[in-house]
Amino acid sequence: MKKKNSLKTLTKEVSEFKTFISRGNVVDMAVGVIIGGAFGKIVSSLVNDILMPLIGVLLGGLDFSSLSIKIGDASLKYGSFIQTIIDFMIISISIFVMIKLFERFKKKEEPKVSEKKNEEVLLLEEIRDLLKKKN
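Residues numbered from 1 in each chain as written. Predicted model: local features only at pLDDT ≥ 70, side-chain atom pairs only at ≥ 80, totals over all residues. Heavy atoms only, no water.

### What to know about the pattern of salt bridges
(1) Moving on: Taken as a whole and assessed by the stated rule, the structure comprises 1 salt bridge.
(2) Moving on: The partner of D129 in a salt bridge is R128, and the shortest N-O contact between them spans 3.3 Å. (Salt bridge = Lys/Arg side-chain N within 4 Å of Asp/Glu carboxyl O.)

Listed below in structure tokens is the structure:
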């Protein structure tokens, strides 16, 4: 008896999980996380390999990644922190621009609502008008 109940419970749990995972929002979110991770790597490379060396040259050959303060045995790597902040800002701006572009395309693609009335509405309006004339 206990095995049947646990089997039913397991089957029910699996069914609920299938329903949950097959919802569009969950799949969309998973795709977004994967693409976001890949996009983050691209932006990190842009910051670390292109922008920061250029900024360093403009500031007289300064290498941000090596900037640090030594306090006792601890080393505070604030140069790495500066790179992370720039990385975050570029990702934020990029996402903002992408969302704006998607919104612009979405507005253009929205179908125009036709004002054509369906047959039922026309019939009901005709009945209403006839009743008005009769009274």
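The discussion continues.
### A look at the nonpolar core
(1) Moving on: Among the nonpolar cores identified, the biggest contains 6 residues, and these are V43, V47, M52, F64, L67 and I90.
(2) Moving on: For this core, the element with the highest residue contribution is helix α2 (residues 24–58), accounting for 3 residues.
(3) Moving on: Residues in contact with V47, not counting those within four places in the same chain, are M52, P53, Q83, I86, D87 and I90. (Core = buried A, V, L, I, M, F, W, Y, C linked by side-chain atoms within 4.5 Å. Buried < 20%, exposed > 50% of the residue type's maximum accessible area, 1.4 Å probe, protein only. Helix = DSSP H or I, 4+ residues; strand = E, 2+ residues; numbered from the N terminus. Contact = heavy atoms within 4.5 Å.)

### Regarding the environment of K133
(1) Moving on: Position of K133 among the secondary structure elements: in helix α4 (residues 119–134).
(2) Moving on: Put simply, K133 and I50 are 83 residues apart on the chain and 79 Å apart in space, counted from C-alpha to C-alpha.

### Here's the deal with a positive patch on the surface
(1) Moving on: A cluster of basic residues, K100, R104, K107 and K108, forms a positive patch on the protein surface.
(2) Moving on: In this structure, K100 sits in helix α3 (residues 78–109).
(3) Moving on: K100 sits in the partly exposed class, given a relative accessible area of 42%. (Patch = residues over 30% accessible without salt bridge, like charges linked within 9 Å, V, L, I, M, F, W, Y side chains within 5 Å. Areas by Shrake-Rupley, 256 points an atom, 1.4 Å probe, with all protein chains shown as cover. Lys, Arg positive; Asp, Glu negative; His and termini not counted. Charge placed at Lys NZ, Arg CZ, Asp CG, Glu CD.)

### Quick look at α4
(1) Moving on: Relative to the 22 Å expected for 16 residues at 1.5 Å per residue, α4 spans 23 Å between its end C-alpha atoms, a close match to the ideal helical length.
(2) Moving on: Of the residues flanking the start of α4, the one acting as N-cap is N118, its side-chain oxygen 3.3 Å from the backbone nitrogen of E120. (Expected span 1.5 Å × (residues − 1). Polar contact = N/O pair within 3.5 Å; in protein donor to acceptor, adjacent residues only side chain to side chain.)

So yeah, pure geometry; function would need other evidence.
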